[in-house]
Amino acid sequence: MDTNTDADLDTGPGPAPVQAAPAEFRGHPLYEFALTATLMFSVVTAVRWVLDPTSPLATAHLNLGLTLVGAVAGALVFGLIRSPWGRRSGAHMNPAVTFALWLLRAFPGRGVAVYAAAQLGGSVAGTALARLAWGPAVARVNYAAVAAAPSWNGWAVFAAEGGSLLVVTLLIGFFLAHPVHDRWLPCALGMLVWAIVALLGPYSGGAANPARQFGPALVSGSTAALWIYLAAPLVGAALGAAAHRLLQRSRPYTRRSRRDPASGRST
């Protein structure tokens, strides 16, 4: 990975950076687009087969179905992070993760908007491809758009979705601060995604990713609560980055070999 000097990076607020960022972004947003599209196509496909009542693989139990969908999503996150394209772009696949990495001074600010646009575009593309592949069955599951339980109001959903990204950001921050363990990050993130979908899916929807909801909501027209799923993860990422800085403040910063938390490559 190419590196910049600290003075060249447009980084977020906080202490000295824990990771250098790539100097050149040519092609990286396209990888993010493709990776996010792959993730969303696969998630919509899983929902189509597991939660569509007419599917031969359908389960009548929502919690079990979401546990299975979460397992698919977690395995995909693990595999896509480890893929060649994932190693090239960092495999964020989540605008809130990109935002968190900027706040953690592990990603340059000039790349945040480009990555986010690629991820959101990939979400729409992956959802549309699933509709082409599976036909009206995708519409029967509302294009896999997540929805909160009727007993949960908007602020409860906001807190749950934001809290999920707070935990994700703290996890990423841990591996940034302890690069000797970063080979375990893909597995840890995959398991955390699975847990979020399985535990929060029946209540808040368990999206924890603006790109996870953006494509399905846009294509299905279910945009009434979309702002929550776009804004809450960003707020959670900001709170998680702030919490990480507080936890690290008691430790003196020492410059060391640093790694991309997704790809595991030295920088």
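Residues numbered from 1 in each chain as written. Predicted model: local features only at pLDDT ≥ 70, side-chain atom pairs only at ≥ 80, totals over all residues. Heavy atoms only, no water.

Looking at the secondary structure, you find Thr-98 in helix α4 (residues 95-103). The contacts of Thr-98, once residues within four sequence positions are left out, are His-92, Phe-107, Val-112, Tyr-115 and Gln-119. (Helix = DSSP H or I, 4+ residues; strand = E, 2+ residues; numbered from the N terminus. Contact = heavy atoms within 4.5 Å.)

Enumeration according to the criterion identifies two salt bridges in this entry. For Asp-52, the salt bridge goes to Arg-48, with nearest N and O atoms at 3.5 Å. For the residue pair Asp-52 and Arg-48, the accessibility class agrees, reading buried in each case. The closest approach of N and O atoms between Asp-52 and Arg-140, which form a salt bridge, is 3.1 Å. With Asp-52 in the loop between α1 (28-51) and α2 (62-82) and Arg-140 in helix α6 (residues 136-140), this residue pair connects regions lying 88 residues apart in the sequence. Given a relative accessible area of 0%, Asp-52 falls into the buried group. Owing to a relative accessible area of 46%, Arg-140 belongs among the partly exposed residues under this scheme. Members of the salt-bridge network, linked through shared partners, are Arg-48, Asp-52 and Arg-140. (Salt bridge = Lys/Arg side-chain N within 4 Å of Asp/Glu carboxyl O. Buried < 20%, exposed > 50% of the residue type's maximum accessible area, 1.4 Å probe, protein only.)

Further remarks concern helix α8 (residues 185-200). Three or four residues apart is the spacing at which side chains of an α-helix point the same way, because the helix has 3.6 residues per turn. For α8, with 16 residues, the first-to-last C-alpha span of 22 Å sits near the 22 Å given by 1.5 Å per residue. Taken together, the buried positions of α8 are Leu-185, Pro-186, Leu-189, Gly-190, Leu-192, Ile-196, Val-197 and Ala-198. Looking at the packing, one finds that the buried side of α8 touches α2 and α7 (154-177). (Expected span 1.5 Å × (residues − 1).)

This part covers the packing of aromatic side chains. Taken as a whole, this structure holds nine aromatic pairs when the rule is applied. A centroid spacing of 5.4 Å and a plane angle of 85° characterise the contact between Trp-49 and Trp-134, whose relative ring orientation is edge-to-face. Linking Trp-49 in helix α1 with Trp-134 in helix α5 (residues 112-134), this pair joins segments that are 85 residues apart in sequence. Taken together, a centroid distance of 5.3 Å and an interplanar angle of 85° make the contact between Phe-174 and Phe-175 edge-to-face. The exposure class of Phe-175 is buried, given its relative accessible area of 7%. Connected via pairs of aromatic rings, a cluster forms that spans Trp-155, Phe-158 and Trp-227. Over the ring of Trp-49 we find Arg-48, and its NZ or CZ is 3.8 Å from the ring centre. (Phe/Tyr/Trp six-rings, centres within 6.5 Å; stacked < 30°, edge-to-face > 60°. Lys NZ or Arg CZ within 6 Å of the ring centre and 35° of its normal.)

For the chain, mean pLDDT is 87; residues scoring 70 or higher make up 83% of the total. Model confidence for the chain, summarised as mean pLDDT per element, is weakest for helix α3 (residues 84-89) at 94 and strongest for α4 at 98. Below pLDDT 50 for its whole length, residues 1-24 participates in 69 contacts with residues either more than four positions away or in separate chains. Predicted confidence for residues 253-258 stays below pLDDT 50, and this span has 18 contacts to residues more than four positions away or in other chains. (pLDDT = per-residue confidence, 0-100.)

Further remarks concern α1. Along its 24 residues, α1 runs 34 Å from first to last C-alpha, staying within 8% of the 34 Å computed at 1.5 Å per residue. Most of α1 is tucked away: 17 of the 24 residues are buried.

Attention shifts here to the packing of α1 against α2. The interhelical angle for the contact between α1 and α2, taken along N-to-C directions, is 155°, at an axis separation of 10 Å. Judged by the inter-axis angle, α1 sits roughly antiparallel to α2. The two elements α1 and α2 cross, and the hand of that crossing is right-handed. Residues Leu-35, Thr-38, Leu-39, Ser-42, Val-43, Ala-46, Val-47, Val-50 and Leu-51 of α1 form the contact with α2, whose own contacting residues are Leu-62, Gly-65, Leu-66, Leu-68, Val-69, Val-72, Ala-73, Leu-76, Val-77 and Leu-80. Among the residues making up the contact of α1 with α2, the classes are represented as 16 nonpolar, three polar and no charged. (Axes fitted to C-alpha atoms, helices over the stretch in contact; angles between N-to-C directions. Parallel < 35°, antiparallel > 145°, perpendicular 65-115°, else oblique. Left-handed = near helix turned anticlockwise from the far one by under 90°. Nonpolar A, V, L, I, M, F, W, Y, C, P; charged D, E, K, R; others polar.)

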